[in-house]
Amino acid sequence: MDFSTKTLDAKNALTGVKTGALVVGIYENRKLSKAAGALDKLGAISAALKSGDISGKPGSTLLLRGVTGIAAERIVLLGLGNEDEAADKNFAAASGGLVRALATLGCDDAALALPFDGIKGRGLDWAIRTVVLAGRDAAYRSDTMKSKKDPAPTGVKKITLLVAAEQGAAAKAALGEAVALANGMALTKELGNLPGNVCTPTYLATTAKKLAKEFKLGVEALERKQLEALKMGSFLSVTNGSDQPPKFIVLKHLGGKAKDAPVVLVGKGITFDTGGISLKPGLNMDEMKYDMCGAASVLGTFRTIAELGLKLNVIGVIPTCENMPSGRATKPGDIVTSMSGQTIEVLNTDAEGRLILCDALTYVERFKPAAVVDIATLTGACVVALGHHNTGLFTREDDTHDQLANALLAAGKESGDTAWRMPIQDAYQEQLKSNFADIANIGGQPGGSVTAACFLERFTRKYTWAHLDIAGTAWKSGAAKGATGRPVPLLTTWLLNQARAKAARG
């Protein structure tokens, strides 16, 4: 689905817009939006409202044909709900209803004359992003591996966003950001949905190299011998049972000043997780192809910020391997030595994400980062705690880390890709004690997502850090099964906000 913007002024009036479908909003209680009022000179829209053919509820639609005095072939009335109550939620729901309605029309193009700048508490950029993401999500197809592709989307394929002349530049910029974000989310979805026999560690490394070539990024993909030289014994213990070679991917987007400390994103890349010797139950194990969604979200975020030319230094680090059972696999009770020198008793080989992340978190010290955020489908316990609505956010409790947490939470709310802060306290660290090593890799069932974060925290004390547990938000199960593209919107918005703050400071 292609999007563009067009400005309207006195010489270029709404009635003169030539399009297959002109979309205008109406509110509940039979109230017209400003654009709808401009098209209602002969009362066709008012009559439709009075007849009760459309309620105005968010996402409701009504098609009008043959309206005199306008150049558009059709008018589509779109319900925006109550103008004064939860206008942003109503607009988001309306956007979903709109793309479904447009898919049923017999025209290729549509123009939207919606109140993009009139959503209370939200800006023009938010409204444009909401429409673009709804449209691109509806157009997304997960048929890459099918011999016979799914039916091609029907209906409208080109959408023009109509804005006032004074909003033209801002709307164009907002559209560019929205499309770049949609492209990044699409990459994240595609990688997540690919099966484990295709999306291997080598495949992720190849994808990173392609991104680097297209957008002139720095890239490295370290091999086993290099990881052995770095003494990444914890990471390598996870890959012991697999025939697929591990990779340690480093991407660099250096859009800021050379002296500026980088932001580092670390993505968990377990391309398939059987649980290892601590084998998972067979039911739904196929969904463990999604255990690399942290890595996929880093690659998707880099796709977005590279397309935007973000003026910020950002480094992506992706430790990636499989977790498989074999005669070579790490066993419960084995003790491994991490890159930091800390020894780890592996009580459960299915708690492997933290074992690869801890070495990556030690590795990133060399970048002297401004902040580090790791992203991982880390624990089922986080799904129990937060369900599938909020990503779990963990970080230390002090002024510096509170600022980081607040910035991430704010980015989540701004983008609609929300997170919820969970505790990290010394009391939980007691659960990770081992009689035989410096630390155990699990702390028992109570507070499972918290003790997992506490494990990672031990390897991050030389910089500012946060952990995002996306086990409940990275993919959906059941009939809607598939990767969601989260938390690319949260991460992208957070990085954009940082770049804007730096620019404002000069």
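Residues numbered from 1 in each chain as written. Predicted model: local features only at pLDDT ≥ 70, side-chain atom pairs only at ≥ 80, totals over all residues. Heavy atoms only, no water.

1. Comments concerning the overall build of the protein chain
1) Next: Along its length, the protein chain carries 15 helices and 21 strands.
2) Next: Whereas a compact globule of 506 residues would reach a radius of gyration of roughly 23 Å, the protein chain reaches 25 Å, a difference of no more than 12%.
3) Next: Carbon and sulfur atoms provide 52% of the accessible area of the protein chain, an area that totals close to 21200 Å².
4) Next: Averaging the coordinates of the 59 positive side-chain charges in the protein chain and doing the same for the 50 negative ones gives two points 5 Å apart. (Helix = DSSP H or I, 4+ residues; strand = E, 2+ residues; numbered from the N terminus. Rg over C-alpha atoms; globule rule 2.2 N^0.38 Å. Areas by Shrake-Rupley, 256 points an atom, 1.4 Å probe, with all protein chains shown as cover. Lys, Arg positive; Asp, Glu negative; His and termini not counted. Charge placed at Lys NZ, Arg CZ, Asp CG, Glu CD.)

2. What to know about the UniProt feature "binding site: Mn(2+) 2" (unreviewed entry) in the protein chain
1) Next: Under the present numbering, the feature "binding site: Mn(2+) 2" (unreviewed entry) in UniProt falls on K268, D273, D291 and E352. The largest pairwise C-alpha distance within this set of annotated residues, which runs over 85 residues, is 11.6 Å, so the set is compact in three dimensions.
2) Next: If you trace the backbone, D273 turns up in strand 11 (residues 269-273).
3) Next: Leaving out residues up to four positions away in the same chain, D273 has contacts with K280, M285, M288, D291, N323, D350 and E352.
4) Next: Within the local environment of D273, its side chain forms a polar contact with the backbone nitrogen of G275, the two atoms lying 2.9 Å apart.
5) Next: If near-sequence neighbours (up to four positions away) are discounted, E352 is found in contact with V238, K268, I270, D273, D291 and N323. (UniProt positions renumbered as here; feature names shortened; annotations may be inferred. Contact = heavy atoms within 4.5 Å. Polar contact = N/O pair within 3.5 Å; in protein donor to acceptor, adjacent residues only side chain to side chain.)

3. Observations concerning the UniProt feature "active site" (unreviewed entry) in the protein chain
1) Next: Sites flagged by UniProt as "active site" (unreviewed entry) map to K280 and R354.
2) Next: Position of K280 among the secondary structure elements: in the loop between strand 11 and helix 9 (293-308).
3) Next: Setting aside its immediate chain neighbours within four residues, K280 contacts D273, T274, G275, M285, M288 and D350.
4) Next: When you line up the elements, R354 lands in helix 10 (residues 353-363).

4. Section: the nonpolar core
1) Next: By size, the foremost hydrophobic cluster in this structure holds 53 residues, and its most contacted members are L265, L299, V373, W494 and L495.
2) Next: Looking at which element gives the most residues to this core, the answer is helix 9, with eight residues.
3) Next: Setting aside residues no more than four positions away along its own chain, V373 makes contact with V264, L265, V266, L408, A466, L468, L491 and W494.
4) Next: Counting residues in each nonpolar core, the second largest holds 45 residues, with I344, V346, L355 and I356 among its members. (Core = buried A, V, L, I, M, F, W, Y, C linked by side-chain atoms within 4.5 Å. Buried < 20%, exposed > 50% of the residue type's maximum accessible area, 1.4 Å probe, protein only.)

5. Things to note about the domain arrangement of the protein chain
1) Next: Taken domain by domain, the protein chain comprises domain 1 (2-146 + 156-163) and domain 2 (199-504).
2) Next: Computed over C-alpha atoms only, the centres of domain 1 and domain 2 are separated by 40 Å. (Domains from an automatic or database assignment.)

6. Focus on the sheet that holds strand 18 (residues 439-440)
1) Next: A sheet is described by the order of its strands in space; here three strands give the open sequence 13-14-18, paired in mixed fashion. On the outer flanks of this sheet lie strand 13 (334-337) and strand 18, each paired with one strand and no other.
2) Next: Pairing of strand 13 with strand 14 (residues 343-346) involves four bridges; the strand directions are antiparallel. Bridge pairing in strand 14 places T337 opposite T343. (Pairing = 2+ DSSP bridges.)

7. Points about the packing of helix 9 against helix 15 (residues 488-505)
1) Next: Orientation of helix 9 relative to helix 15, taken along the N-to-C sense of each, is 40°, at an axis distance of 9 Å. Between helix 9 and helix 15, the interaxial angle falls into the category oblique. Crossing geometry of helix 9 relative to helix 15 is assigned as right-handed. Seen from helix 9, the contacting residues are S297, G300, T301, T304, I305 and L308; seen from helix 15, they are V488, L491, T492, L495 and L496.
2) Next: A breakdown of the residues in the contact of helix 9 with helix 15 according to their chemical character gives six nonpolar, five polar and no charged. (Axes fitted to C-alpha atoms, helices over the stretch in contact; angles between N-to-C directions. Parallel < 35°, antiparallel > 145°, perpendicular 65-115°, else oblique. Left-handed = near helix turned anticlockwise from the far one by under 90°. Nonpolar A, V, L, I, M, F, W, Y, C, P; charged D, E, K, R; others polar.)

8. Comments concerning the packing of aromatic side chains
1) Next: For the structure shown, the criterion picks out seven aromatic pairs.
2) Next: Centroid distance F91 to F116: 6.4 Å. Interplanar angle 75°. Geometry classified as edge-to-face. Pair noted here: F91 is in helix 3 (residues 87-102) and F116 is in the loop between strand 6 (109-113) and helix 4 (124-139), with a separation of 25 residues, a long-range link. Each member of the pair F91 and F116 is classed as buried.
3) Next: Aromatic side chains F455 and F459 sit 5.4 Å apart centroid to centroid with 40° between the ring planes, which places their arrangement in the tilted category. Both residues of the pair, F455 and F459, count as buried. (Phe/Tyr/Trp six-rings, centres within 6.5 Å; stacked < 30°, edge-to-face > 60°.)

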